[in-house]
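# Structure assessment
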Amino acid sequence: MSTTFTLDTSTSRANPTPAPMKRLTVPAIQRRKVEGKTAEPLVMLTAYTARQAQLLDPHCDMLLVGDSLGQVIYGLPSTLPVTLDMMIAHGAAVVRGSYHSVVLVDMPFGSYEASPAQAFASASRVMAETGCAAVKLEGGQAMVETISFLTRRGIPVMAHVGLTPQAVNALGGYGARGKSLEEHARIMDDARAVANAGAFALVLEGVMEDLAVEITNGIDIPVIGIGASAHCDGQVLVAEDMLGMFERTPRFVKRYENIAETISGAAERYAADVRSRSFPTEDQVYRPKK
Ligand code: KIV
């Protein structure tokens, strides 16, 4: 079997960026939180393709190959149908396209929940076949045994609590969590439990801000917020959301671009050129040299 994470660019548009920086490591990320504080917040974005990774990588500390690719890339209704093979293919592409950020790959629904042994079998495939540095999995107290099993066997784990999209059917939707005192306490306990189990960091998604602040101050590992609080140790967004790829974005997204408009405008101009025979011009056709 060939390794999937060597970059051969001789025939590819994905030309390598020279590697001016050493790749960050999981321990280096974890060390950014000192005595409960992270001086410079950690920057994380999702990436699903090699070219996207090349563009985002120099600006980020971590690139997450999120299972959100189910909706963003494949047009699926949720993350539930995403498979391990899909995550591995995209994970390998993102590793190939990056040289600086820690690359993390999401464990898809059904690939880790049954037992620590099932999680190890899936996670070890992800690590071996992509070259990524860590995996992320959803769940709090229920995942303690699994997180401890993986980390003690050399697989760094980022946990994900609060709004956990793989549990959308149990949660009843994608609304913010931690509104009731009971749920607030449960999510706080989840965060403490995964930190104690050995997770090196935690994604905290879609929670009330007071809870995000309490968790960030209350555990020693970096807390990466999405729909949480500016007080978190870092932030993550789905890259396509912040780039403006979709008309509808959740409340917690800040749009930095409007690439949907750029792409559709370019396609409109191209279509007009083709229909009027203004493309290709003599610059784009092959003719015998004079
Ligand atoms: O799948 C994903 O993109 C994620 C982020 C939203 C944190 O889990």
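Just so it is clear, the model here is predicted, and its values are computed rather than measured.

With that settled, the discussion passes to the UniProt feature "active site" (unreviewed entry) in the protein. In the UniProt entry, the feature "active site" (unreviewed entry) is given for Glu205. Here Glu205 lies in strand β8 (residues 201-205). On the accessibility criterion, Glu205 (11% relative accessible area) is buried. Excluding its chain neighbours within four sequence positions, the residues that come into contact with Glu205 are His160, Val161, Gly162, Leu163, Pro165, Ile226 and Gly227. Of the polar contacts made by the side chain of Glu205, one reaches the side chain of His160; its length is 2.9 Å.

Evaluated as defined, the whole model comprises 2 aromatic pairs. When the centroid spacing of 6.4 Å and the interplanar angle of 75° are considered together, the rings of Phe120 and Phe149 count as edge-to-face. Taken together, the residues span a long stretch of sequence, with Phe120 in helix α5 (residues 116-130) and Phe149 in helix α6 (residues 144-151) at a distance of 29 residues. Taking the relative accessible area as the measure of exposure, Phe120 reaches 28% and is therefore partly exposed. Geometry around Phe149 places Arg153 over its ring, the cationic atom sitting 3.5 Å from the centre.

So, on to the side chain of Asp190. On the secondary structure map, Asp190 appears in helix α8 (residues 181-197). Arg186 is the oppositely charged side chain nearest to the buried, salt-bridge-free Asp190, at an N-O distance of 5.9 Å.

Let's shift gears to the pattern of salt bridges. All told, the structure shown has 9 salt bridges when counted by the stated rule. A salt bridge links Asp233 to Lys33, with the shortest nitrogen-to-oxygen separation between them at 2.8 Å. In this pair, Asp233 is assigned in the loop between β9 (223-226) and β10 (234-237) and Lys33 in strand β1 (residues 33-34), connecting sequence segments 200 residues apart. Taking relative accessible area as the criterion, Asp233 reaches 3% and is therefore assigned buried. Connected via shared salt-bridge partners are Arg32, Glu40 and Asp61.

Here we come to the packing of α6 against α8. Remark: α6 packs on α8, axes separated minimally by 8 Å, with the N-to-C direction vectors making an angle of 25°. Relative to α8, α6 is oriented roughly parallel. In this structure, α6 crosses over α8, and the sense of that crossing is right-handed. Only Ala193, Val194 and Ala197 of α8 make contact with α6, whose side of the interface consists of Val144, Ile147, Ser148 and Thr151.

A cis amide bond links Phe279 to the next residue, Pro280, at an omega of 0°. Here Pro280 shows up in the segment after α11 (259-275). Positive phi, normally seen in glycine, also occurs at Glu35, with a value near 45°. Positionally, Glu35 belongs in the loop between β1 and β2 (37-38). The exposure class of Glu35 is exposed, given its relative accessible area of 78%. Non-glycine residue Arg277 carries a positive phi angle of around 55°. The residue Arg277 is located in the segment after α11 in this model. Residue Arg277 is classed as exposed on the basis of its relative accessible area, which comes to 76%.

What counts and how
Residues numbered from 1 in each chain as written. Predicted model: local features only at pLDDT ≥ 70, side-chain atom pairs only at ≥ 80, totals over all residues. Heavy atoms only, no water. UniProt positions renumbered as here; feature names shortened; annotations may be inferred. Helix = DSSP H or I, 4+ residues; strand = E, 2+ residues; numbered from the N terminus. Buried < 20%, exposed > 50% of the residue type's maximum accessible area, 1.4 Å probe, protein only. Contact = heavy atoms within 4.5 Å. Polar contact = N/O pair within 3.5 Å; in protein donor to acceptor, adjacent residues only side chain to side chain. Phe/Tyr/Trp six-rings, centres within 6.5 Å; stacked < 30°, edge-to-face > 60°. Lys NZ or Arg CZ within 6 Å of the ring centre and 35° of its normal. Lys, Arg positive; Asp, Glu negative; His and termini not counted. Salt bridge = Lys/Arg side-chain N within 4 Å of Asp/Glu carboxyl O. Axes fitted to C-alpha atoms, helices over the stretch in contact; angles between N-to-C directions. Parallel < 35°, antiparallel > 145°, perpendicular 65-115°, else oblique. Left-handed = near helix turned anticlockwise from the far one by under 90°.

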